[in-house]
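Listed below, chain by chain, are the residues.
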Amino acid sequence: MVVEVLRLGHRGERDKRISTHVALTARALGADKIIFTCEDNHVRESVNRIVENWGGDFKFEVVDSWKSYVKRFKENNGIVVHLTMYGENINKTIDNIKENIKTDKNIIIIIGAEKVPKEAYELADYNISIGNQPHSEVAAIAIFLDRLFEGETLYRDYDDAKIKVMPSKKEKFVILEK
Ligand code: SAM
């Protein structure tokens, strides 16, 4: 299964920090790719630097038309999840999504920055809320991925990493590969 995250409505300078956090959270919690609808060199470089040092194959990509991208994704055995506070509660829907992906489907997860266009709601197979209170795209993507992977991705590390953390109760313990 491939898991991609589509970041809608990134507003350049204003959003560069939170969009970087969205990308790094997506990577850390198990996604394979983050897709933006406009170039942002700051975010791209931050993602590339993390991948270079911490390993793995997480990708940053920019697409011209997110609607065409999502439609093609759906045609290629993909399901579309849109995270929105207006959607159905994740507690009620996650089992259905997991059942659906047993047939080797891929997932694209749409998250917004500001108001999300109605086409996102229409293209989505699932409009899912992480509770119906407004909060943050970073929290939404983290909780969704954690539920999807049932906590497993929190143990992930990468053979090609230059930096690895050894979990410790008392100290910072980091291994630096040559
Ligand atoms: N008012 C905006 C709207 O109409 O969606 C909310 C913008 S919110 C700052 C940015 C993004 O965070 C949303 O597009 C959604 O992806 C995510 N988000 C925020 N709260 C959420 C919730 N309770 N459940 C799921 N996603 C949420």
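First, a word on scope: everything that follows refers to the structure included in this document. (Residues numbered from 1 in each chain as written. Predicted model: local features only at pLDDT ≥ 70, side-chain atom pairs only at ≥ 80, totals over all residues. Heavy atoms only, no water.)

## Examining the packing of helix H1 (residues 12-28) against helix H2 (residues 41-54)
(1) Moving on: Here H1 crosses H2 at 30 degrees, and the two axes come no closer than 9 Å. Relative to H2, the element H1 is oriented roughly parallel. Relative to H2, the crossing made by H1 is right-handed. Counting all contacts with H1, which are made through Lys16, Ser19, Thr20, Ala23, Leu24 and Arg27, the residues of H2 involved are His42, Val43, Ser46, Val47, Ile50, Val51 and Trp54.
(2) Moving on: In terms of residue class, the contact of H1 with H2 is made up of 7 nonpolar, 4 polar and 2 charged. (Axes fitted to C-alpha atoms, helices over the stretch in contact; angles between N-to-C directions. Helix = DSSP H or I, 4+ residues; strand = E, 2+ residues; numbered from the N terminus. Parallel < 35°, antiparallel > 145°, perpendicular 65-115°, else oblique. Left-handed = near helix turned anticlockwise from the far one by under 90°. Contact = heavy atoms within 4.5 Å. Nonpolar A, V, L, I, M, F, W, Y, C, P; charged D, E, K, R; others polar.)

## Considerations on the site of the ligand
(1) Moving on: Near the ligand lie 17 residues; those nearest to it are Leu83, Gly112, Ile130, Gly131 and Gln133.
(2) Moving on: Glutamine 133 is positioned with one of its backbone polar atoms (N or O) 2.7 Å from a nitrogen atom of the ligand.
(3) Moving on: For the ligand, whose free accessible area comes to 560 Å², the fraction covered by protein is 84%.
(4) Moving on: Secondary-structure elements contributing two or more residues to the shell around the ligand are strand S4 (78-89), strand S6 (126-129) and helix H6 (137-149).
(5) Moving on: Of all the elements, S4 adds the most residues to the shell around the ligand, at 4 residues.
(6) Moving on: Of the residues that constitute the shell around the ligand, the class distribution is 9 nonpolar, 7 polar and 1 charged. (Near = heavy atom within 4 Å. Polar contact = N/O pair within 3.5 Å; in protein donor to acceptor, adjacent residues only side chain to side chain. Areas by Shrake-Rupley, 256 points an atom, 1.4 Å probe, with all protein chains shown as cover.)

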